[in-house]
Number of protein chains: 4
Amino acid sequence: MSGSEEFHQNHPASLICELCRLFYDNGWVTGTGGGISIRDVDGENPNIVYIAPSGIQKERLQPGEMFVAELPGTIIKTPNDENSLPLSKDLAANFKYKPLACTPLFLSCYNMRDAGACIHTHSQNAVMATLIWEDKVEFSMSHIEQIKALPQLELNDKTGKVEKVGSMQFYDTMVLPIIENTPHEEDLTDSLQEAIRKYPGATAVLVRRHGIYVWGETVWKAKVYNEAIDYLLELALKMHQNGIPLVKE
Amino acid sequence: MSGSEEFHQNHPASLICELCRLFYDNGWVTGTGGGISIRDVDGENPNIVYIAPSGIQKERLQPGEMFVAELPGTIIKTPNDENSLPLSKDLAANFKYKPLACTPLFLSCYNMRDAGACIHTHSQNAVMATLIWEDKVEFSMSHIEQIKALPQLELNDKTGKVEKVGSMQFYDTMVLPIIENTPHEEDLTDSLQEAIRKYPGATAVLVRRHGIYVWGETVWKAKVYNEAIDYLLELALKMHQNGIPLVKE
Amino acid sequence: MSGSEEFHQNHPASLICELCRLFYDNGWVTGTGGGISIRDVDGENPNIVYIAPSGIQKERLQPGEMFVAELPGTIIKTPNDENSLPLSKDLAANFKYKPLACTPLFLSCYNMRDAGACIHTHSQNAVMATLIWEDKVEFSMSHIEQIKALPQLELNDKTGKVEKVGSMQFYDTMVLPIIENTPHEEDLTDSLQEAIRKYPGATAVLVRRHGIYVWGETVWKAKVYNEAIDYLLELALKMHQNGIPLVKE
Amino acid sequence: MSGSEEFHQNHPASLICELCRLFYDNGWVTGTGGGISIRDVDGENPNIVYIAPSGIQKERLQPGEMFVAELPGTIIKTPNDENSLPLSKDLAANFKYKPLACTPLFLSCYNMRDAGACIHTHSQNAVMATLIWEDKVEFSMSHIEQIKALPQLELNDKTGKVEKVGSMQFYDTMVLPIIENTPHEEDLTDSLQEAIRKYPGATAVLVRRHGIYVWGETVWKAKVYNEAIDYLLELALKMHQNGIPLVKE
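Residues numbered from 1 in each chain as written. Chains lettered and ligands numbered in written order. Predicted model: local features only at pLDDT ≥ 70, side-chain atom pairs only at ≥ 80, totals over all residues. Heavy atoms only, no water.

Enquirer: Talk me through the overall build of chain A; I want residue IDs and the actual numbers.
Expert: Check the secondary structure of chain A and you find 5 helices and 13 strands. Its C-alpha atoms give chain A principal-axis dimensions of roughly 60 × 40 × 30 Å. Across the 249 residues in chain A, those meeting the buried criterion constitute 59%. Carbon and sulfur atoms provide 48% of the accessible area of chain A, an area that totals close to 9,700 Å². Separation of charge centres in chain A, based on 22 positive and 33 negative side chains, amounts to 3 Å. (Helix = DSSP H or I, 4+ residues; strand = E, 2+ residues; numbered from the N terminus. Buried < 20%, exposed > 50% of the residue type's maximum accessible area, 1.4 Å probe, protein only. Areas by Shrake-Rupley, 256 points an atom, 1.4 Å probe, with all protein chains shown as cover. Lys, Arg positive; Asp, Glu negative; His and termini not counted. Charge placed at Lys NZ, Arg CZ, Asp CG, Glu CD.)

Enquirer: Kindly report on the relation of the copies chain D and chain A, identifying the contributing residues and their values.
Expert: Superposition record for chain D on chain A: RMSD 0.0 Å, screw rotation 90°, translation along axis 0.0 Å. Considering both components of the superposition, the chain copies are consistent with a four-fold axis. Measuring from the rotation axis to each C-alpha of chain D, the shortest distance belongs to Gln241(D), at 6.7 Å. Little of the interface of chain D is mirrored in chain A, where only 3% of its interface residues are also at the interface. (Least-squares fit on C-alpha atoms with pLDDT ≥ 70 in both. Contact = heavy atoms within 4.5 Å.)

Enquirer: If you had to explain the interface of chain D and chain A to someone new, which residues and values would you point to?
Expert: Between chain D and chain A, the contact holds 31 residues from the first and 29 residues from the second. Counting the surface chain D buries against chain A, the share from its top three residues, Glu145(D), Trp220(D) and Tyr231(D), is 23%. Measuring nitrogen to oxygen at the nearest pair gives 2.4 Å for the salt bridge that ties Glu59(A) to Lys223(D). At the junction of chain D and chain A, the tally comes to 15 residue pairs in polar contact (both at pLDDT 80 or more). Every element with two or more residues in the side of chain D that touches chain A is listed here: helix H1 (12–25) and helix H5 (219–241) of chain D. Ranked by residue count, the leading element in the side of chain D that touches chain A is H5(D), at 11 residues. Among the residues forming the side of chain D that touches chain A, the class breakdown is 14 nonpolar, 8 polar and 9 charged. (Buried area = accessible area lost by both parts, 1.4 Å probe. Salt bridge = Lys/Arg side-chain N within 4 Å of Asp/Glu carboxyl O. Polar contact = N/O pair within 3.5 Å; in protein donor to acceptor, adjacent residues only side chain to side chain. Nonpolar A, V, L, I, M, F, W, Y, C, P; charged D, E, K, R; others polar.)

Enquirer: I'd love a proper account of the pattern of salt bridges, names of residues and values included.
Expert: Pairs can form between side chains of opposite charge once their charged atoms are near each other. Tallied over the entire structure, the rule returns 36 salt bridges over all chains. Ionic pairing is found between Glu180(A) and Arg208(A), a salt bridge with its closest N-O pair at 2.6 Å. Of this pair, Glu180(A) sits in the loop between strand E11 (173–179) and helix H4 (189–198) while Arg208(A) sits in the loop between strand E12 (204–207) and strand E13 (211–216), and the two are 28 residues apart along the sequence. With a relative accessible area of 3%, Arg208(A) lands in the buried category. Ionic pairing is found between Glu234(A) and Lys238(A), a salt bridge with its closest N-O pair at 3.2 Å. Of the two residues, Glu234(A) and Lys238(A) are both situated in helix H5 (residues 219–241); the distance of 4 residues between them amounts to about one turn of the helix. Judged by relative accessible area, which is 30%, Glu234(A) ranks as partly exposed. Counted as one network, the salt bridges with shared partners bring together Glu59(A), Lys223(D) and Glu227(D).

Enquirer: Describe in detail the pairing of strand E9 (residues 151–155) of chain C, supporting the description with residues and values.
Expert: When a strand is regular, its side chains alternate between the sheet's two faces. Residues and elements named next belong to chain C. Two elements, E9 and strand E10 (residues 162–167), share 5 bridges in a ladder whose sense is antiparallel. By the bridge assignment, Gln152 is partnered in E10 with Gly166. Counting the residues between successive antiparallel strands, the hairpin from E9 to E10 contains 6 residues, one of them, Gly160, with a positive phi of roughly 75°. (Pairing = 2+ DSSP bridges.)

Enquirer: Give a description of the environment of Glu70(D) that names residues and reports values.
Expert: All names here are of chain D. By the secondary structure assignment, Glu70 is in strand E4 (residues 67–70). Residue Glu70 is classed as partly exposed on the basis of its relative accessible area of 30%. As for Glu70 and Arg39, which are separated by 31 residues in sequence, their C-alpha atoms are 9.3 Å apart. Beyond its immediate chain neighbours, meaning those up to four positions away, Glu70 contacts Asn45, Asn47, Ile48 and Ile76. Only 3.1 Å separates the side chain of Glu70 from the side chain of Asn45, close enough to count as a polar contact.

Enquirer: Give me a negative patch on the surface: which residues, what numbers.
Expert: There is a patch of like negative charges on the surface, built from Asp25(A), Asp25(B), Asp25(C) and Asp25(D). If you trace the backbone, Asp25(A) turns up in helix H1 (residues 12–25). You can call Asp25(A) exposed: its relative accessible area is 61%. (Patch = residues over 30% accessible without salt bridge, like charges linked within 9 Å, V, L, I, M, F, W, Y side chains within 5 Å.)

Enquirer: Could you give an account of the interface of chain C and chain B, with specific residues and numbers?
Expert: Each partner contributes residues to the interface: chain C has 29 residues there, and chain B has 31 residues. Summing the contributions of chain C and of chain B, the shared interface buries around 2,700 Å²; its carbon and sulfur component is 52%. Across the contact surface, chain C and chain B share 2 salt bridges. Taken together, the links from chain C to chain B amount to 15 residue pairs in polar contact (both at pLDDT 80 or more). Looking at the side of chain C that touches chain B, the elements that each hand over two or more residues are helix H3 (124–132) and helix H5 (219–241) of chain C. Considering only residue class, the side of chain C that touches chain B consists of 7 nonpolar, 15 polar and 7 charged.

Enquirer: Lay out the environment of Met112(D) with the relevant residues and their values.
Expert: Residue and element names in this part refer to chain D. In this fold, Met112 is placed in helix H2 (residues 103–113). Since its relative accessible area comes to 27%, Met112 is described here as partly exposed. Sequence separation of Met112 and Gln193 is 81 residues, and the distance between their C-alpha atoms is 8.0 Å.

Enquirer: Residue-level account of the packing of helix H3 (residues 124–132) of chain A against H5(A), with values.
Expert: The relative placement of two packed helices is expressed as an angle between their axes plus a distance between the axes. Residues and elements named next belong to chain A. H5 packs onto H3 with a crossing angle of 45° between their chain directions and a minimal axis gap of 9 Å. Here H3 is positioned oblique relative to H5, judged by the angle of their axes. When you trace H3 past H5, the crossing you get is left-handed. Contacts from Asn125, Ala126, Met128, Ala129 and Ile132 of H3 reach H5 at Asp230, Leu233, Glu234, Leu237 and His240. In the contact of H3 with H5, the residues fall into 6 nonpolar, 2 polar and 2 charged. (Axes fitted to C-alpha atoms, helices over the stretch in contact; angles between N-to-C directions. Parallel < 35°, antiparallel > 145°, perpendicular 65-115°, else oblique. Left-handed = near helix turned anticlockwise from the far one by under 90°.)

Enquirer: So, the sheet that holds strand E8 (residues 138–142) of chain D: which residues are in play, and what are the values?
Expert: Residue and element names in this part refer to chain D. Strand order across the open sheet formed by 9 strands is E5-E4-E2-E1-E7-E13-E12-E11-E8, with mixed pairing between neighbours. Among the strands making up the open sheet, the edge pair consists of strand E5 (74–77) and E8. Recorded for the sheet is a direction-independent mean angle of 25° between the axes of neighbouring strands. Summarising the sheet, strand E7 (residues 117–121) and strand E13 (residues 211–216) pair through 5 bridges and their orientation is antiparallel. Its bridge partner lying in E13, Thr121 is registered against Ile212. On top of the sheet, H1 reaches strand E1 (35–39), strand E2 (48–51) and E7; it is set at about 150° to E1, its chief contact.

Structural data, given as structure tokens:
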């Protein structure tokens with residue numbers, strides 16, 4: 001996979017670039033923040049995962065700049081391997097690609113939830129929700145139509161796996177765990193995994209003073225869940241400002 | 001109508017896609033929320049109505065993915081009928097198109113008000129207005145220039161039809177009914193129809209904790225009314241925040 | 001000037017379309033609100049003025065759809081004269097172009113201030129400023145760097161004309177008159193003219209519960225003044241919310 | 001360098017134009033405000049600096065319209081020298097290019113910090129931060145993930161130079177000096193230089209009631225730092241509104 005190789009627009013590496021530009025425009029991944037990873041669910045080896053590199057402007061990523069891992073977690077290719085010039089417009093002469101610090105977090109979502117894609121943003125709505133409710137370890141909200149865009153998830157006792165059994169209902173309460181941030185992003189792995197286990201109904205985890213991790217069965221589902229949750233978080237901040245409770249009695 | 005067939009840019013199916021992208025950028029239809037339906041008022045059969053499917057990313061819709069109904073309400077074509085591949089970029093392998101849950105609501109606007117197009121959004125301005133005035137069943141606002149973009153509607157006693165007799169005036173009070181949300185969108189039909197009957201002067205209905213339905217004589221009129229109402233709702237929230245009454249005495 | 005005739009991109013009729021799209025994205029002319037007029041200052045007859053029509057979606061305007069007037073105020077061409085099809089995507093079958101209701105206001109700016117272009121928006125920042133300071137007939141603000149983008153205007157006693165003598169300074173106080181809105185836009189003409197006379201230092205007039213009129217020596221100056229004033233109004237609302245006085249003592 | 005000469009898209013003059021359009025969309029350089037300067041770090045003479053002109057619409061700049069200086073500070077080329085027509089769409093007939101008033105400020109960053117690019121914006125987040133904390137001469141914030149996008153800077157006692165030794169940590173406190181605005185932008189030079197000397201750990205300086213200056217090793221680093229700081233300032237305003245302290249104890 002050389003830097004100049006053409007990727008089909010539906011290739012996971014291309015989709016990461018497309019979505020990073022979209023997320024940049026939403027203010028979710030500015031300043032090199034955030035990241036995306038997509039699993040090649042339709043490819044020959046569905047255990048192949050493409051991961052955006054760290055410390056690079058997300059909106060300027062090129063498909064040839066991805067890290068490639070094979071689940072459960074071996075990095076099998078890095079953009080530093082290439083003998084071609086980096087495609088990025090980053091002018092740093094000797095740019096050394098580093099895997100996203102949140103790679104172990106992404107891999108946790110793939111391995112524990114059989115996700116097809118994981119999104120991590122620094123959305124201010126997410127950060128503000130963890131600050132306003134700084135004494136809470138969960139974020140809860142109910143009785144808003146947009147909740148219906150989220151999956152109804154249930155733990156299958158036989159298989160031990162969390163399965164999607166439908167969509168959430170208007171009157172359901174969306175509960176997202178909030179974990180505490182750590183100085184090094186990879187150190188979040190344990191508490192993220194604990195939250196994923198403890199909240200089988202959640203398709204996202206908030207990280208205090210940091211942002212949010214969202215995953216889904218496919219890249220498009222992950223995108224839709226992320227959009228719906230961010231919409232709900234934004235609405236929650238406005239409701240709070242107006243003294244309206246987030247969960248209807 | 002195969003998936004790969006070309007649609008003229010002014011074809012209702014193309015206009016639905018164009019407007020969905022615009023509404024997505026406004027945050028009105030993110031996370032698969034909201035939807036649009038356009039009646040082929042200039043076509044051979046003006047009772048033909050194009051309707052966006054449900055559960056799909058609105059900003060990625062393609063013209064070949066629409067449901068087609070004939071008024072007063074028979075679905076005559078679905079994108080599942082096609083033998084071509086779906087045009088959507090949705091990666092779900094066996095995506096099954098479902099008609100928008102709000103289809104009976106759209107049809108109510110066509111049949112009761114002879115509308116040319118119906119727009120449904122999850123606009124946060126609409127949702128917040130129904131939350132801040134949660135004890136009210138109407139939203140009222142007056143003495144703002146933008147009100148003049150809305151139609152002056154009157155019930156014609158002879159024909160029993162609501163007719164546009166001009167534009168609202170600066171000093172007029174715009175009154176929009178607010179109906180309560182229901183767990184299933186199709187169950188809104190009765191209360192929406194009741195609101196349409198009870199408020200002959202309204203070209204839109206707010207749905208508590210959900211969003212708004214707006215219609216107009218043509219797709220462009222519906223778009224303009226939707227924009228003007230959203231502008232007014234946004235302004236109303238700012239006025240409320242500053243303690244300014246919405247209706248001038 | 002037929003509907004299909006090509007206009008150079010710097011032609012006033014083209015620039016009106018370009019700026020309307022930009023202003024639409026800013027939320028200043030949604031729902032058919034607002035409008036622009038440009039004088040052909042570089043053309044053969046600098047008294048020719050191009051004016052956007054009324055009741056049409058500003059972001060979809062085409063150059064062939066403008067009204068043309070000759071100063072001091074004769075309309076010499078209307079898009080209804082054309083034997084070509086309207087270029088607009090407006091689907092109304094028999095669309096009848098009407099001159100902007102604010103045409104006499106635009107002409108006042110041309111005739112009284114020798115303006116090269118006039119912009120009218122329904123900016124929510126402008127409307128909110130007139131609502132928050134509803135008991136005031138002027139809006140004043142000082143000691144913000146952006147004020148330096150505005151012209152220093154002075155009445156020349158010899159010629160009786162208002163002339164630009166430089167730029168405002170950081171410590172200067174920008175004063176914009178606020179006039180009361182009227183049911184019919186053309187009835188604003190008298191009070192707008194009075195405000196223009198009474199405030200020789202102002203390059204804009206706020207209209208209560210309505211919006212703003214801004215003019216300048218050229219279309220680009222008018223655009224820059226409009227941007228700078230909207231920036232200042234937006235900042236003023238935030239300052240007010242935080243209890244910070246707009247004029248520094 | 002004639003006006004019609006083609007510039008490679010990675011040429012500093014091209015990048016200034018590209019970034020000005022981006023910053024315009026963010027509301028950072030509207031109304032001719034703000035500006036950018038880029039040093040040709042990869043060129044034949046790395047002391048060559050390209051500077052956007054003053055009083056011109058930043059989003060409409062063309063590469064041929066830049067001023068060129070050689071460090072430590074001689075202007076060696078101005079767009080007025082050209083015998084070609086100005087590329088700008090600015091309709092002013094005899095437009096006379098003026099160097100940005102903040103040129104000596106930009107040069108200070110190059111000479112004192114060996115910067116590769118300097119960005120100056122009128123960001124409302126920056127201005128509001130200096131107004132809300134009007135009695136403070138520093139802005140401080142800690143324990144937000146986005147802080148990690150900023151450089152850890154340290155004064156090297158041997159060389160007397162400030163060097164980047166890594167990235168800031170989550171628990172670090174970002175401290176930005178705030179200097180008072182002056183009527184003439186060039187008069188800010190002394191206090192900016194003093195702030196740069198006094199705050200070796202800062203990669204930006206806030207100017208009260210005016211905006212912000214941000215610099216970095218390369219244009220992309222400067223852009224990333226600017227984005228991260230603006231994100232933090234925006235978040236700080238929301239935290240303040242909700243009574244949340246900016247520095248965690």
